[in-house]
Amino acid sequence: MSKSNIWARKPVEAFEEDMRQSGLKRVLGKWGLTAIGIGAIIGAGIFVMSGVGAKEYAGPALALSFVAAGIGCTFAALCYAEFASFLPVEGSAYAYSYATMGELFAWIIGWDLILEYAMGASAVAVGWSGYLSKFLLLFDVRLPLWLMNDSFSAQSLLRDAATSADKMKTILSHYSDISLPTVLGHPFAVNLPAFLIIWVITMILVKGIKEAASTNAFIVILKLAVVLFVIIAGANYINPANWHPFIPERTTLINPGETMPHGAYGWLGILGGAGYIFFAYIGFDTVSTQAGEAKNPQKDVPFGIIASLIVCTILYILVSLVLTGMVNYKDIDITAPISAAFGSKGLGFAVLIISIAAIAGLTSVLIVMLLGQSRVFFAMAKDGLLPKGVFGTLHTKFRTPYKASILTGLVVSIVSAFTPISVIAEMVNIGTLLAFVMVCGAVWLMRIKEPDRPRPFRTPWLPVVASLGILSNIAIMLGLEAINWIRLVVWLIIGLAVYFLYGRHHSRLNNAK
């Protein structure tokens, strides 16, 4: 096999043949796809990442972080929509890169998406656990500290509580026991709720996409109603003084589980915040991974991508303004920020409503992220780049890639049980941004290489939109700390080793030549 084969492009006709032969059920309409997008977007960003984004990066200017992230996403979404209209197959950016830039680039993006979805689901599972804790407290149910947090976060909470009597009183009121057991001489803690919810979702996905989509659609309606409640009710408790200074002075902070400080606040903090909360926007990306199960993918997938992004960006900006207006950014609870904000105003009924919606909403995010992960595995396995017996096997009854779902659940559950949410999220965002940059470039390249190919949806003003998409997403990447770049490089090196040791030799495209 010649080395040049790593640059081979998979013809669009081959993707179309894959579509005809796919064993996946086509059950999703445009509103089902839009609900999947909203299900992934609304949840993590509002209910979880807004707290860390404000407290650790942007301060009250978190709204500007959402604007910056939304702009970058809008350009990328328009490019995704064109690709999805003429290449409506599962695999998302992986498939698009395979058709335009060749197998090696497709592998890099596919490997990148694995990191994006798996770590994104892990971060959301940790946030789900935080809201469950707030919900249980309403009924005076408390669990030990070491069963609700990873070891790094538990020790960070204890160190913070030791700084004042009020903080110690708060942590004692939240947990039945704040002592940490030791294993081999080291403090031990595990986020048990995060671990368990991943396995519940995994079993739902093994059963089938139709059941998962129906569950998700119901939850989306519920959390949209509650998000509107948060905006309207929270607006009455905004203290404008909490917005001053709107852009705090630049400083350095240290996240739980990390030893190196990171830059916070200022204009760079706004960009850093945009990079941090960016993975909350990957819902529209997830819509494209469901193309293989869409009834009319050429029209419905672009609709779902754009509609879900527009709705959610507006809601993100409004909720971030309410959150930072209700609570000083330095006092925001990073595990359950919205619920804690209403709790600080003595609004117990609101905490109950928000906690229920957050738990349900984050559940739908988990469904979509784990669903997207298994479908990317499935697409790569069909091309021979991953073992088909593990990642490309469909269940004989449910017609789902059940082995890929179970393996994903295993890895994600372990990561979410033992890793701080801030560290997990940082591993996701730079990968998401890289995927967006490559899609913007790939759709432009495809217009040049195959200008006459029918495109049910065409990105308007493509050279401008693609260029701005590339530049804006790279700018957000540059706002991330060096450690994020190091993690990305290490992950890609591991991925290249897997490709050259396995994928290149088993590639269907290359072996067919």
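Conventions used here
- Residues numbered from 1 in each chain as written.
- Predicted model: local features only at pLDDT ≥ 70, side-chain atom pairs only at ≥ 80, totals over all residues.
- Heavy atoms only, no water.
- Salt bridge = Lys/Arg side-chain N within 4 Å of Asp/Glu carboxyl O.
- Helix = DSSP H or I, 4+ residues; strand = E, 2+ residues; numbered from the N terminus.
- Buried < 20%, exposed > 50% of the residue type's maximum accessible area, 1.4 Å probe, protein only.
- Contact = heavy atoms within 4.5 Å.
- Phe/Tyr/Trp six-rings, centres within 6.5 Å; stacked < 30°, edge-to-face > 60°.
- Axes fitted to C-alpha atoms, helices over the stretch in contact; angles between N-to-C directions.
- Parallel < 35°, antiparallel > 145°, perpendicular 65-115°, else oblique.
- Nonpolar A, V, L, I, M, F, W, Y, C, P; charged D, E, K, R; others polar.
- Patch = residues over 30% accessible without salt bridge, like charges linked within 9 Å, V, L, I, M, F, W, Y side chains within 5 Å.
- Areas by Shrake-Rupley, 256 points an atom, 1.4 Å probe, with all protein chains shown as cover.
- Expected span 1.5 Å × (residues − 1).
- Disulfide = S-S within 2.5 Å.

A. Representation of the pattern of salt bridges within the structure. Tallied over the entire structure, the rule returns six salt bridges. Between Asp383 and Lys10 there is a salt bridge whose closest N-O contact spans 2.5 Å. Residue Asp383 is located in the loop between helix H15 (348-382) and helix H16 (388-391), and its partner Lys10 is located in the segment before helix H1 (12-21); the two are separated by 373 residues in the primary sequence. The buried category is assigned to Asp383, whose relative accessible area is 5%. Judged by relative accessible area, Lys10 falls into the buried class, the value being 7%. In this structure, Lys134 and Asp333 form a salt bridge, with 3.0 Å as the shortest nitrogen-oxygen distance. Placement of the pair is Lys134 in helix H6 (residues 103-137) and Asp333 in the loop between helix H13 (297-326) and helix H14 (337-343), with a sequence separation of 199 residues. Residue Asp333 is classed as partly exposed on the basis of its relative accessible area of 21%.

B. View of the side chain of Ser129. Looking at where Ser129 falls in the secondary structure, it is placed in helix H6. Contact partners of Ser129, with chain neighbours within four places excluded, come to Met148, Asn191, Pro193 and Ala194.

C. Region of the structure containing the packing of aromatic side chains. Applying the stated rule across the entire model yields 15 aromatic pairs. Centroid distance Phe229 to Phe342: 6.3 Å. Interplanar angle 25°. Geometry classified as stacked. Note that Phe229 is positioned in helix H10 (residues 209-234) and Phe342 in helix H14, a separation of 113 residues in sequence. Judged by relative accessible area, which is 24%, Phe229 ranks as partly exposed. Judged by its relative accessible area of 1%, Phe342 is buried. When the centroid spacing of 6.5 Å and the interplanar angle of 70° are considered together, the rings of Phe229 and Phe349 count as edge-to-face. Of this pair, Phe229 sits in helix H10 while Phe349 sits in helix H15, placing them 120 residues apart in sequence. Three or more aromatic residues joined by ring pairs form one cluster here, namely Trp107, Trp111, Trp491, Tyr499 and Phe500.

D. Fine view of the packing of helix H4 (residues 62-86) against helix H5 (residues 93-100). H5 packs onto H4 with a crossing angle of 75° between their chain directions and a minimal axis gap of 10 Å. For the element pair H4 / H5, the angle class is roughly perpendicular. In this structure, H4 contributes Tyr80, Phe83 and Ala84 to the contact, and H5 contributes Ala93, Tyr96 and Thr100. Here the contact of H4 with H5 is built from residues that sort into five nonpolar, one polar and no charged.

E. Summary view of a nonpolar patch on the surface. A contiguous nonpolar patch, built from Val390, Leu407, Leu410, Val411, Ile414 and Phe418 and spanning about 450 Å² of accessible area, is present on the exposed surface. The greatest single-element share of the nonpolar patch, amounting to five residues, is contributed by helix H17 (residues 402-418). With relative accessibility at 40%, the residue Val411 sits in the partly exposed group.

F. Molecular detail of the environment of Ile424. Within the element layout of this structure, Ile424 appears in helix H18 (residues 421-449). On the basis of relative accessible area, Ile424 is assigned to the buried category, the value being 0%. Separated by 304 residues in the primary sequence, Ile424 and Gly120 place their C-alpha atoms 7.3 Å from one another. Setting aside its immediate chain neighbours within four residues, Ile424 contacts Met119, Ser122, Ala123, Val126, Val415, Ser416 and Thr419.

G. Just H6, in detail. Taking 1.5 Å as the rise per residue, H6 with 35 residues should run 51 Å; its terminal C-alpha atoms sit 51 Å apart, in good agreement. In terms of burial, H6 is largely enclosed, as 32 of its 35 residues are buried.

H. Layout of H15. Taking 1.5 Å per residue, 35 residues should reach 51 Å; H15 reaches 51 Å between its end C-alpha atoms and fits that length. Counted residue by residue, H15 has 30 buried out of 35 residues, so it is predominantly covered. Gly384 occupies a position one or two residues after H15 and carries a positive phi of about 85°.

I. Just the state of the cysteines, in detail. Per the stated rule, a full pass over the model turns up zero disulfides. Left unpaired, Cys79 is separated from the closest cysteine sulfur, that of Cys440, by 4.0 Å.

J. Seen up close, unusual backbone geometry. For the bond from His244 to Pro245, the omega torsion is -5°, close enough to zero to count as cis. Within the fold, Pro245 resides in the loop between H10 and strand E3 (251-253). If you check the backbone angles, Asp140 has positive phi at about 60° while not being a glycine. Along the polypeptide, Asp140 turns up in the loop between H6 and helix H7 (151-161). Of note, the phi angle at Leu184 is positive, near 55°, even though the residue is not glycine. Relative to the assigned elements, Leu184 resides in the loop between strand E1 (182-183) and strand E2 (186-187). You can call Leu184 exposed: its relative accessible area is 80%.

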